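Topology and contacts: notes
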Amino acid sequence: MNGTPLPLSRFFSLQNIILTAVAFGIPVTLTNAAFSEAEKQIYSVELAQEPNQRAYQLETLSNFDFLGISERENIAEVALPPSSLTILDVLGLTYKNSHLNQQLNTEALDEYLSPEEVRNELSQLAQSYPDLTELRTIGRSRRDQPIQALVISAAPNNKNQPTLLFNAMHHAREVMTTEVVVHMAQVLLSRYGQNAEITEWLNTARIIVVPQVNPDGNNLVHTGRALWRKNAWEDNGRLYGVDLNRNYPALWGACNGSSIVKSSDSYRGPNPKSEPETQAMVELVTSERPVANISYHSFSEMILYPYGCRREKNPSLDLFKSLAASMKEALIDDSGRTNTYSLGTPPELLYEADGTDADWQFREAGVISFAYEVNSRRLGFQPSYKQWRDVTVGRQEGGWQTLIRETLSQGVKAQLKGFRPDEIHYRINQLKNGEKLEFSANDPSVLPFKPRSAEGFLFNSLLPGSYEMTMSRNDQELQAIQFTVQPGEVTNLGVIEI
């Protein structure tokens, strides 16, 4: 099925699509997002080979419930009610009913972890490994469910060592992501004392896992709303929801990468950080100051990094690209191949997305943060648990283990003394041929780093090279230190008196 293509527009909003259709005399249902998930069907949409046309199509489709993509097949999966298919015809898109419609039943979800089962599993791990864990409730959801984090380390309360964060299920229907993070915790704890590398990681660092950011939304998924994406947000007795991964303060609503419409699947909320789930994650990151993070999503087999807005410049892009490339080499895709995940920013691979957790963590907390899209278009959100759960979580081990390994093995660390920790900030710039280059925080829109503990612990993952670290109080420069990072080494600057 397809229609007559309309001229390209520089405006990708649903409103403009509808107005264009009306101008051509074509009847269009005004919004597909107001329909319940039960009325939606999934459609496979063919994408153009030509890059500009393809980019336009992806930006346009992002106004709907965009599920995922296969770059290799050039096909996007989109959910909307059949009554809104006219819009796809107006856009000149070729589409057909998707094989993923077969997943839209609660039986497919029975064996995936529910919110209660996630809590039980974390509680069991904390009881089984009391010396290696600390179980925390970091916040409560809109419907008053606990949002939990498990700290994993030989010294869970020692913040004077690097911390890494792994979180999952900002989006309620992405059930495999929780399985990946729970499996991660199981692997780290069960292999401590048996695997030398994991033992070293937990002896020298802290790893925090948050397997389920969105328990309310996931309850809806498990009780019949298989395509529900957002949290559970009521207004005048009607269920809406906010896309939690469009609700973070950095670049909130900045580039048409989310919606102001409550019924939209990408509704960003009435204000930045309006949702208790988002607030819980912001507080966790602000207090723990992790060095790096992976936020798990599905599906499309991609590794995404900042920024979600096309106009924004990432001053640490080389570091992100290097780490992403290493993780790509270690990941196995659903076809059993390695080194196939796509790498890039959301606008490069998909479309603009604003208010995301990866952008906020990097821009305002100095976290080298990635978003993983696990599983392929063939498997979708809810693949057969028996056939794919263990396969997928096993194949993801290479990615998160590579991030831990590379983050902990190369960079700089120090212990700052003689200051109040809330007063001091520092920036790191790379030095090349006598010039000071933007690296991690020279862009004034990116906040400078804070020490990672109240005792002044400092740790940053860096590429090999020469650097200058400048410490300041209230924008007044106090001290500058030059240092070199060698491949595979962490430069220890020792105690720095300020």
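Values in this document were obtained by computation on a predicted structure and should not be read as measured data.

Concerning the pairing of strand β15 (residues 411–417)
- Within β15, 5 of the 7 residues are buried, which leaves it mostly tucked inside the rest of the structure.
- Both β15 and strand β18 (residues 457–461) contribute to a ladder of 5 bridges, which runs antiparallel. The partner of Ala414 across the bridge, within β18, is Leu458.
- The pairing of β15 with strand β21 (residues 490–497) spans 6 bridges and is parallel. Note that in β21 the partner of Lys413 across the bridge is Asn492.

Describing the state of the cysteines
- In the structure shown here, the tally under the stated rule is 1 disulfide.
- Each sulfur in the disulfide pair Cys255 and Cys309 lies 2.1 Å from the other. Between Cys255 and Cys309 the sulfur-sulfur dihedral comes to about -80°; the bridge is accordingly left-handed. Highlighted residues: Cys255 in the loop between β10 (238–239) and α8 (276–288) and Cys309 in the loop between β12 (302–304) and α9 (317–330), separated in sequence by 54 residues.
- What makes Cys255 buried here is its relative accessible area of 7%.

Focus: the layout of surface pockets
- Estimates place the volume of the second largest pocket at around 310 Å³.
- At the level of secondary structure, the elements contributing two or more residues to the lining of the second largest pocket comprise α6 (196–204), α12 (385–409), β15, β18 and β21.
- No other element matches α6, which puts 4 residues into the lining of the second largest pocket.
- Classifying every residue of the lining of the second largest pocket gives 7 nonpolar, 7 polar and 4 charged.

Overview of α8
- Its 13 residues give α8 an end-to-end C-alpha distance of 18 Å, which sits within 8% of 18 Å, the value for a rise of 1.5 Å per residue.
- Of the surrounding elements, those touching the buried residues of α8 are β5 (133–140), β6 (146–152), β7 (163–168), β8 (206–210), α7 (215–222) and α11 (357–365).
- Once α8 finishes, Arg289 follows within two positions and takes phi at roughly 50°, a positive value.

Notes on the packing of α8 against α11
- Running from N to C, α8 and α11 point in directions that differ by 35°, and their axes come no closer than 11 Å. For the pair α8 and α11, the crossing hand works out as right-handed. Contacts between α8 and α11 involve Val282, Val285 and Thr286 from the first element and Trp360, Gln361 and Ala365 from the second.

Observations regarding the sheet that holds strand β20 (residues 476–485)
- Spatial strand order, β17-β16-β19-β20: 4 strands in an open sheet with antiparallel pairing. The open sheet terminates on both sides in strands that have one partner only, identified here as β17 (435–437) and β20. For this sheet the average axis-to-axis angle between neighbouring strands, irrespective of direction, equals 35°.
- Where strand β19 (residues 465–473) and β20 come together, 9 bridges link them in antiparallel fashion. By the bridge assignment for β20, Ser472 is matched with Glu477.

Let's talk about the sheet that holds β21
- Pairing is mixed across the open sheet formed by 3 strands, whose spatial order is β18-β15-β21. Only two strands of the sheet have a single neighbouring strand rather than two, namely β18 and β21. For this sheet the average axis-to-axis angle between neighbouring strands, irrespective of direction, equals 15°.
- Taken strand by strand, α12 contacts β15, β18 and β21, and its axis lies near 120° from that of β18.

A look at the packing of aromatic side chains
- Applying the stated rule across the entire model yields 15 aromatic pairs.
- Here Tyr112 and Tyr385 contribute two aromatic rings whose centre-to-centre distance is 5.1 Å and whose plane-to-plane angle is 90°, an arrangement assigned as edge-to-face. Remark: Tyr385 occurs in helix α12 and Tyr112 occurs in the loop between β4 (95–97) and α4 (115–128); sequence separation between them is 273 residues.
- For Tyr112, a relative accessible area of 0% gives the class buried.
- Here Tyr426 and Phe449 contribute two aromatic rings whose centre-to-centre distance is 5.2 Å and whose plane-to-plane angle is 35°, an arrangement assigned as tilted.

Conventions we followed
- Residues numbered from 1 in each chain as written.
- Predicted model: local features only at pLDDT ≥ 70, side-chain atom pairs only at ≥ 80, totals over all residues.
- Heavy atoms only, no water.
- Buried < 20%, exposed > 50% of the residue type's maximum accessible area, 1.4 Å probe, protein only.
- Helix = DSSP H or I, 4+ residues; strand = E, 2+ residues; numbered from the N terminus.
- Pairing = 2+ DSSP bridges.
- Disulfide = S-S within 2.5 Å.
- 1 Å grid on protein atoms, 1.4 Å probe; cavity = no way out; pocket = protein on both sides within 12 Å on 5 of 7 lines; lining within 4 Å.
- Points joined across faces, edges and corners; volume = space filled by probe spheres on them.
- Nonpolar A, V, L, I, M, F, W, Y, C, P; charged D, E, K, R; others polar.
- Expected span 1.5 Å × (residues − 1).
- Contact = heavy atoms within 4.5 Å.
- Axes fitted to C-alpha atoms, helices over the stretch in contact; angles between N-to-C directions.
- Left-handed = near helix turned anticlockwise from the far one by under 90°.
- Phe/Tyr/Trp six-rings, centres within 6.5 Å; stacked < 30°, edge-to-face > 60°.

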